[in-house]
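Spelled out, the chains give:
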Protein chains: 2
Amino acid sequence: MASRRKLLTLESINPSIRAAKVPILGSITIRASEIQREIEQGIHKPFPRITSCCYGDMQMMGHRPRTFFRQVAALCTYPDLLESAQFPEDAKTRARAILKTLDSGSVGSYNPDYIAQTLPQKIASYVTRRDNGAPSDPRNIIVCSGASQAVLSALSLVVNEEPELKMGVLVPVPCYPLYTDTIALCGGVMLPYYPEEERGWAVSASRIRESLSAARKRCVPRVICVINPGNPTGHVLTPENISELILLAAEEKLLIFADEVYQDNVFAPGAVFQSFKKVLYQMGAEYSERVQLMSVHSISKGISGECGFRAGYIEFVNIDPAVFEFLYILKSFDIPAVIGALMQEVVLDPPQAGDPSYETFMKEKETLLHNLSENAQNTEKILNQTPGIHCNPIQGGLYAFPRVKIPERAIRLAQDRGQEPDDFFCHLLLEDTGIVLCSGNAFGQAAGTYHIRITLLHPIDELKSILQKITQFHTRFLAEYS
Amino acid sequence: MASRRKLLTLESINPSIRAAKVPILGSITIRASEIQREIEQGIHKPFPRITSCCYGDMQMMGHRPRTFFRQVAALCTYPDLLESAQFPEDAKTRARAILKTLDSGSVGSYNPDYIAQTLPQKIASYVTRRDNGAPSDPRNIIVCSGASQAVLSALSLVVNEEPELKMGVLVPVPCYPLYTDTIALCGGVMLPYYPEEERGWAVSASRIRESLSAARKRCVPRVICVINPGNPTGHVLTPENISELILLAAEEKLLIFADEVYQDNVFAPGAVFQSFKKVLYQMGAEYSERVQLMSVHSISKGISGECGFRAGYIEFVNIDPAVFEFLYILKSFDIPAVIGALMQEVVLDPPQAGDPSYETFMKEKETLLHNLSENAQNTEKILNQTPGIHCNPIQGGLYAFPRVKIPERAIRLAQDRGQEPDDFFCHLLLEDTGIVLCSGNAFGQAAGTYHIRITLLHPIDELKSILQKITQFHTRFLAEYS
């Protein structure tokens, strides 16, 4: 007779996984879906439709892909098209060159050599171009199926459950939830550090240093994660700030994990992306040959926004090659889609002046960056005209993360309902306007402060109108609950 | 001053990862690459080139992709092609239907709803068609980026390091190395069981039952993995054998993990693939409502062989929905490529009679299956004519796993060199013929037996010639070392 006891139950699953935060289809998103269904059923609402301002998914938000990238991908998927007049010559030339490096010329093979050798060589060339000639060794570059998997693979190597003291990982707060979950999965301890909102989200190395001695009582701090440009903050670190963090890492024996996936989304006047690697090399051999660094990039954001194609990479600096052997084990479970991988190659080496596709490519790229830049400026302007809302300069990334005032009475009401105060605000906003925002608590925030995250991916006029609705609602909210 | 001690070193990496077996670019593959380079440098060898017989990668082995699948993928990648006369109407209709279910009609979005809802519905319909109407709930189906990731996610949930007794996982031996590594990564204990070579690799439930009481002294056996059709054995389980294993799982409180990725690669006369799910449902509610089952399938093998596109799925049976919440956390690190996912949809629902692409599709499919079937028959015939080699009937999958006699003197010589005896044989074969085989020890084998794994993906005449070279060499090898 079959046993009535089931084996895999909630109680019996792997405790490291149970420790991870349940991923957030948060209550706001769930309620937004309900409202959408109600509208479709003809139930009257004070707005005609739900307006989502949550996502950093460019194409979901209506941005068209870069024509050249998709042309090369289509040609590689179905090489019969190489004879078609519908494609420009440079796309065909690029596709032929890539197909020549693939096993049997097919994107349908695992292509281990392309993934482990050919593509890392192309990435290393890109890194060297980007970083003013700083050396990059293809053997230190691992191609992944996107940054999430890269973060998990890389942190899994370091973070582990020790019998006595766990590994500590410094993580900026606010921070998108990936890191919290990864560290929980790996059995590590998250050590939050707080970029200073009042200094435009700059990171204070000295404040991190102070917090480390307390942290050492409960774990062994081994990694500092940095997200530059910031998600959700939109802050771009200065070279001086990066250099301070490298000094900190060297002194405190921390490995630097640099999440640099928004490196091409920098648009504020004067803001320039500098990679941790570049600054590290400028600091001389004492640092560049010793400080351990992992840097992550992908095709999901930047000028491509091809998150559905899943490709990214990690570059390792000063990591013992013997460690790589083990990273390859993790990687054997994360075999990237070849079509995504070759798109990574093309994204890092787009059409150049004189190529048939150059003009279209530049126009598409500039339209995207112009749109982001206008949206960032309008967001700052509209929000900062509103008493009770403050938005720091948005220098890069895809989001604004303004601070919103929540009156005491609203905070108490939220607490009575078992809600976070910023969730309370976002729920009311949703019911009144149909606008869906991410509330700050999903990212973490300094005690007593409340924020909302707004994507900058809407069309310019649409975002203006959304921002006006948010500010008008917040003004009414303040009046009602103050 | 920067510290001279590095943080992430071989000694300091996560011990679970250190416990995993270093992945095998085995010594034979490494030597084969060296020989290839020597040939390119003009060094004389007794053969003109290296002939690899290792891989189950159809397209690397020169098989062309199915035209229809690639047409739909190209149309979805670059929808301007929907106006092109170069594509048949059914491919366009299918692409339009898929694009309609995607966020903003783009494969470049994450498409969470397509991955989590639309595609699982299509997969559930396929499973029900395949299993004579056995119910399949889309909510129990999780789309992954290939079977490797699916195995890791699923087993991570169950297998975990317990303070006292670890989880045990029954794994068939021989078995491709994925499971060994996964179990090590998850901190579990591998419990080998041995399909009986003398009974054509049939699995004996009673022998597994006997081995369990000894196993219970050192761990808690919780999972039994089954690979059907077998890799590397090529055995297809009978419904009776499956039913015995289900009874065993019910009695011994084991979760069944069924790796069914070769379900479409069955070609021996009389052999029919039956899924564990189908047999489970035929056994009535006492079992079908209680025994926990996870079944894995993908687009990497079967009639598509699109391993470079990375898509697969797990169907869960009788798993507590609360467990799924946590599986979704793991899944948030394994976001499948949308283009691979939509290819999974098309592979499970290929062109039907009357569709413009039907004839081409059927011809391509039959050519592939005919090629495999001929190769399987020729392999059995040629190998079994050779004294010292025995090959069981190959019913399905993509490989032969014949047993080869290694004389005592060769075994001792191998031991003197610190080599496995089958590696010793494969190395000599490589130097003499340029043929690269996987040796049996990479898969595990019963003590004192030696095997080689040969892919069945070569063109028919080419494989015959390879087999003749192998048998001739083995005959000389026996003469020399007996």
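Residues numbered from 1 in each chain as written. Chains lettered and ligands numbered in written order. Predicted model: local features only at pLDDT ≥ 70, side-chain atom pairs only at ≥ 80, totals over all residues.

## Let's talk about the domain arrangement of chain A
For interface size, the figure often reported is the accessible area lost on association.
All names here are of chain A.
Then, number 1: Entries for chain A in the domain assignment read domain 1 (13–61 + 371–481), domain 2 (67–100) and domain 3 (109–348).
Then, number 2: Averaged C-alpha coordinates put domain 1 and domain 3 at centres separated by 28 Å.
Then, number 3: Each partner contributes residues to the interface: domain 1 has 32 residues there, and domain 3 has 33 residues.
Then, number 4: Of the residues assigned to the side of domain 1 that touches domain 3, the class counts are 16 nonpolar, 12 polar and 4 charged. (Domains from an automatic or database assignment. Contact = placed C-beta atoms within 7 Å. Nonpolar A, V, L, I, M, F, W, Y, C, P; charged D, E, K, R; others polar.)

## A word on the nonpolar core
Then, number 1: Within the largest apolar cluster, 292 residues are counted, with the highest numbers of intra-cluster contacts made by Ile256(A) and Ile256(B).
Then, number 2: The residues contacting Ile256(A), other than those within four sequence positions of it, are Ile224(A), Val226(A), Ile246(A), Ala249(A), Phe276(A), Val291(A), Gln292(A) and Leu293(A). (Core = buried A, V, L, I, M, F, W, Y, C linked by C-beta atoms within 7 Å. Buried ≥ 20, exposed ≤ 12 C-beta atoms within 10 Å, placed from the backbone.)

## Details of helix H5 (residues 112–130) of chain A
Then, number 1: Taking 1.5 Å as the rise per residue, H5(A) with 19 residues should run 27 Å; its terminal C-alpha atoms sit 26 Å apart, in good agreement.
Then, number 2: In this structure, the buried residues of H5(A) make contact with strand E2 (141–144), helix H10 (276–282), strand E8 (312–317) and helix H13 (338–348) of chain A. (Helix = DSSP H or I, 4+ residues; strand = E, 2+ residues; numbered from the N terminus. Expected span 1.5 Å × (residues − 1).)

## Describing the confidence of the model for chain A
Then, number 1: Of the residues in chain A, 93% reach a pLDDT of 70 or more, and the chain-wide mean stands at 92.
Then, number 2: Low pLDDT (under 50) marks residues 1–5 of chain A, which in the prediction has 9 contacts with non-local residues, meaning those over four places away or in another chain. (pLDDT = per-residue confidence, 0-100.)

## A closer look at unusual backbone geometry
Residues and elements named next belong to chain A.
Then, number 1: Here Asn228 and Pro229 are connected by a cis peptide whose omega angle stands at -10 degrees.
Then, number 2: Topologically, Pro229 is positioned in the loop between strand E5 (219–227) and helix H9 (239–252).
Then, number 3: With phi around 55 degrees, Asn132 is a residue other than glycine that occupies positive phi space.
Then, number 4: A residue is classified by how many C-beta atoms lie within 10 Å of it, and Asn132, with 10 of them, is exposed.
Then, number 5: One non-glycine residue with positive phi stands out, namely Lys253, at about 60 degrees.

## A short note on the packing of helix H3 (residues 67–77) of chain A against helix H4 (residues 89–100) of chain A
All names here are of chain A.
Then, number 1: For the pair H3 and H4, the least separation of the axes is 9 Å and the interaxial angle reads 50 degrees. Here H4 runs oblique to H3, going by the angle between their axes. As H3 runs across H4, the sense of the crossing is right-handed. Residue-level inspection shows Phe68, Gln71, Val72, Leu75 and Cys76 of H3 in contact with H4, the latter providing Ala91, Lys92, Arg94, Ala95, Ile98 and Leu99.
Then, number 2: Across the contact of H3 with H4, the residue classes break down as 8 nonpolar, 1 polar and 2 charged. (Axes fitted to C-alpha atoms, helices over the stretch in contact; angles between N-to-C directions. Parallel < 35°, antiparallel > 145°, perpendicular 65-115°, else oblique. Left-handed = near helix turned anticlockwise from the far one by under 90°.)

## A few points about the sheet that holds strand E10 (residues 399–400) of chain A
All names here are of chain A.
Then, number 1: Pairing within the open sheet is antiparallel, and its 3 strands lie in the order E10-E14-E13. Every interior strand has two partners, whereas the edge strands, E10 and strand E13 (438–439), have only one.
Then, number 2: Both E10 and strand E14 (residues 452–455) contribute to a ladder of 2 bridges, which runs antiparallel. The partner of Tyr399 across the bridge, within E14, is Thr455. (Pairing = 2+ DSSP bridges.)

## Brief notes about the sheet that holds E2(A)
Residue and element names in this part refer to chain A.
Then, number 1: Spatially, 7 strands are ordered E2-E8-E7-E6-E5-E3-E4 in an open sheet, and the strand pairing comes out mixed. Bordering the open sheet on either side are E2 and strand E4 (189–193), each of which pairs with just one other strand. Neighbouring strand axes in the sheet, compared pairwise and without regard to direction, differ in orientation by 20 degrees on average.
Then, number 2: Here E2 runs beside E8; their pairing, made up of 4 bridges, is antiparallel. Among the inter-strand pairings, Val143 is bridged to a residue of E8, identified as Tyr313.
Then, number 3: Set on the sheet, H5 makes contact with E2 and E8; between it and E2 the angle comes to about 110 degrees.

## Some points on the environment of Ile406(A)
Residues and elements named next belong to chain A.
Then, number 1: On the secondary structure map, Ile406 appears in the loop between strand E11 (403–404) and helix H15 (408–416).
Then, number 2: Residue Ile406 is classed as buried on the basis of its C-beta count, with 23 C-beta atoms lying within 10 Å.
Then, number 3: A C-alpha to C-alpha distance of 27 Å links Ile406 and Ile227, two positions 179 residues apart in sequence.
Then, number 4: The contacts of Ile406, once residues within four sequence positions are left out, are Ile411, Pro421, Asp422, Phe425 and Tyr450.

## Some points on the pairing of E5(A)
All names here are of chain A.
Then, number 1: Burial runs high along E5: 7 of the 9 residues are buried.
Then, number 2: Alignment of strand E3 (residues 166–172) against E5, held across 5 bridges, turns out to be parallel. Residue Lys166 lies in a different strand from E5, and its bridge partner there is Cys219.
Then, number 3: Running through H9, the crossover from E5 to the neighbouring parallel element strand E6 (residues 255–259) is right-handed. (Right-handed = clockwise from strand over helix to strand, strands pointing away.)

## Details of the packing of helix H6 (residues 147–158) of chain B against helix H7 (residues 178–185) of chain B
All names here are of chain B.
Then, number 1: Closest axis-to-axis distance for the H6/H7 pair is 10 Å, and the angle between their directions is 35 degrees. The handedness of the crossing between H6 and H7 is right-handed. On H7, the residues touching Ser148, Val151, Leu152 and Leu155 of H6 are Leu178, Thr182 and Ile183.
Then, number 2: Residue composition of the contact of H6 with H7, by class: 5 nonpolar, 2 polar and no charged.

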